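# An overview of the molecular structure
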Amino acid sequence: MFDLLNLPGIKLVDMYKESGALIFVAVAGNSEKFICPNCKIPMHRHGTRKNKFSDIPLYIEPVRLEVQRPRFRCEICKKITIPELSFLDHKRRATKRLVDVIRQKCLTTTLRSLADQTGVSVNTVKNITHDLIQDLKQTVRYETPIIMGIDEVSLAGGYRCVITNLATNNLFEVLEECTQNHLKPYFKELPDREKVEWVCTGISPPIKRCFAEFFPNAKMVIDKFHVVKIASEALKEEQMKYQVQLSKDYQINVKKSIRWMTLKRPENLTPAEHKAIVRQQIPELAFAYECKESFFAIYNEPDKQHAQIAFEAWKKSLPDEGMEPFKRLVKTVNNHYDDIFAYWDAPFPITNTQTEGLNVLIKILNRLGRGYSYEIVRAKTLYSAEARKVGSGIRSGNRKVEYGPHIPTLLKQAEIRNLN
Ligand SMILES: [Zn+2]
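All of these numbers come straight from a predicted model, not from anything done at the bench. (Residues numbered from 1 in each chain as written. Predicted model: local features only at pLDDT ≥ 70, side-chain atom pairs only at ≥ 80, totals over all residues. Heavy atoms only, no water.)

### As for the coordination of the zinc ion
In plain terms, the rule: Keep in mind that water is not among the atoms, so a site may look incomplete; donors are the N, O and S atoms within 2.8 Å of the metal, or 3.2 Å for Na, K and Ca. Key to geometry: four donors with every angle between 85 and 135 degrees are tetrahedral; four donors are square planar and six octahedral where opposite donors lie over 155 degrees apart and all remaining angles lie between 65 and 115; all other sites are irregular. Numbering goes from the N terminus for both helices and strands, where a helix is a DSSP run of H or I of at least four residues and a strand is a run of E of at least two. Note on classification: 1.4 Å probe, protein chains only; a residue is buried when its accessible area is under 20% of the maximum for its type, exposed when over 50%, partly exposed between these limits.
Around the zinc ion, the protein contributes the donor atoms C36 (SG), C39 (SG), C74 (SG) and C77 (SG), which lie 2.2 to 2.4 Å from the metal centre. Each of the 4 donor atoms bound to the zinc ion contributes to angles spanning 103 to 113°, and the resulting shape is tetrahedral. For the zinc ion, all donor residues lie on one chain, and their spacing in sequence is C-x2-C-x34-C-x2-C. Highlighted residues: C39 in the loop between β2 (21-28) and β3 (44-58) and C74 in the loop between β4 (61-73) and β5 (80-81), separated in sequence by 35 residues. Residue classification places C39 among the partly exposed residues on the basis of a relative accessible area of 23%. For C74, a relative accessible area of 0% corresponds to the buried category.

### Overview of unusual backbone geometry
Despite not being glycine, I60 shows a phi value in the positive range, around 55°. With respect to the helices and strands, the residue I60 is situated in the loop between β3 and β4. A residue is classified by how much of its surface remains accessible, and I60, at 86% relative accessible area, is exposed. With a phi angle near 55°, M323 is a residue other than glycine that sits in the positive phi range.

### Thoughts on the environment of Y403
Looking at where Y403 falls in the secondary structure, it is placed in the loop between β12 (399-401) and α16 (407-419). Its relative accessible area of 21% is what places Y403 among the partly exposed residues. A sequence separation of 238 residues divides Y403 from N165, and the C-alpha atoms of the two residues are 7.5 Å apart.

### Notes on the sheet that holds strand β9 (residues 198-201)
We apply this condition: For two strands to be treated as a pair, DSSP must find at least two bridges joining them. Working convention: axes come from line fits to C-alpha atoms, limited for helices to the stretch in contact. Angles between N-to-C directions cover 0 to 180 degrees. Every residue pair with non-hydrogen atoms within 4.5 Å of one another is taken to be in contact.
The strand order across the open sheet formed by 5 strands is β8-β7-β6-β9-β10, and the pairing between neighbours is mixed. Of all strands in the sheet, those bounded by a partner on one side alone are β8 (170-175) and β10 (219-222). When the angles between neighbouring strand axes are averaged without regard to direction, this sheet yields 25°. The pairing of strand β7 (residues 158-165) with β8 spans 5 bridges and is classified as antiparallel. Across the sheet, residue T164 finds its bridge partner in β8, namely L171. Sheet strands touched by helix α5 (residues 205-214): β6 (147-155), β9 and β10. Its angle to β10, the strand with the most contacts, is close to 165°. On top of the sheet, helix α14 (residues 374-382) reaches β6, β7 and β8; it is set at about 170° to β8, its chief contact.

### Some remarks on helix α1 (residues 96-105)
For the record, the criterion: Here the arc refers to the directions that run from the helix axis out to each C-beta atom.
Along α1, the positions that sit buried rather than exposed are L98, V99 and I102. One side of α1 carries all its buried residues, which in axial view fall inside an arc of 100°. As for α1, its buried residues are in contact with β3, α2 (111-118) and α3 (122-139).

### Considering the confidence of the model for the protein chain
Short version of the rule: pLDDT expresses, on a scale from 0 to 100, how confident the predictor is about each individual residue.
Across the protein chain, pLDDT averages 86, with 87% of residues at or above 70. By mean pLDDT, helix α8 (residues 271-281) is the weakest element of the protein chain at 59, and helix α10 (residues 304-317) is the strongest at 97.

### What about the environment of C161?
Tracing the sequence through the fold places C161 in strand β7. C-alpha separation for the pair C161 and T179, spaced 18 residues apart in sequence, amounts to 8.5 Å. Those residues in contact with C161 that lie beyond four places of it in its chain are I150, D151, E173, V174, L175, E177, C178 and L183.

Here you go:
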């Protein structure tokens, strides 16, 4: 029979179909002589053994090999042995080439569809994926970012710590938890951590505590987006307060214009939306809106001194009574004063500019990765071959310098997968 299999040491003798798979029947050559490793005498033929192994799909159907091999037995110690087949994976009932195909595809397709295509169980695909991840962990290394972004995000059923390279816009690492117990040992072992110059992060005590200890040459800056978000939330809180009072007394269009005002920045509002209704009906809310806007405007100041002056002026503009959410914001800024105003010390504005892109990416990953463990979601993202190509490939000595997967490319890929 024509050798469809192209596997050394076996010969195809028959094929048939069984429950959605092609079964190839093959026999192993029995010309070899076996010497017992214990007794050093030749072993004798002792029947045959038949085993099934999964192989790469053919004609879009899963393939199983049914291989018959001779058995040999030692007359003295009764040891039984069968000839080894070099093309088999040593850990699984599968050919090496099938394991290779699964390794190549498992990070870019779903484990379920790989299992369906190959006829092996989802668990086997999972195990092969985990072996691959372990190998990648040992071999893949990204350059430690000089300008590092650290964010806490909800991913794969928990709060994870996402580390990015803000200078190159690459993903650097996704740690399982954003707690000191996870961060400390990780940062302690991080190569070149003395090269980190800036760390941009949210208002998170665990990161702050690790930071001082492990990044001796870095300055910390609290991400602008985390700070202005508090102002947006303060306005929202005020809005809720007034909306409750409104419900019966005012017309529906008052409500509507509040929503317009609070959602949109002034440049997007028509003059009518901006002024007329809300300012007349609820001046307090119009004032809260302006408070939010003038707080945002602090970040437009050209230098630290002007920003600090603008903050002081903003603080004074708050009334003695009410506006509690904004007064809490004052407290937060005062508590993290140096790290917030460090924004103006950097040679260029350091923000998690791609945070927005990253947040969209995390949302899509959570949707796509439903049912996947943190480990697999991390690997699918962090080891994405296509996204790793962008901006990498510079050689330093013998080593190829890599910065991690490029975030916009990851986002593009995730969007495509999300549509399919
Ligand atoms: Zn023996």
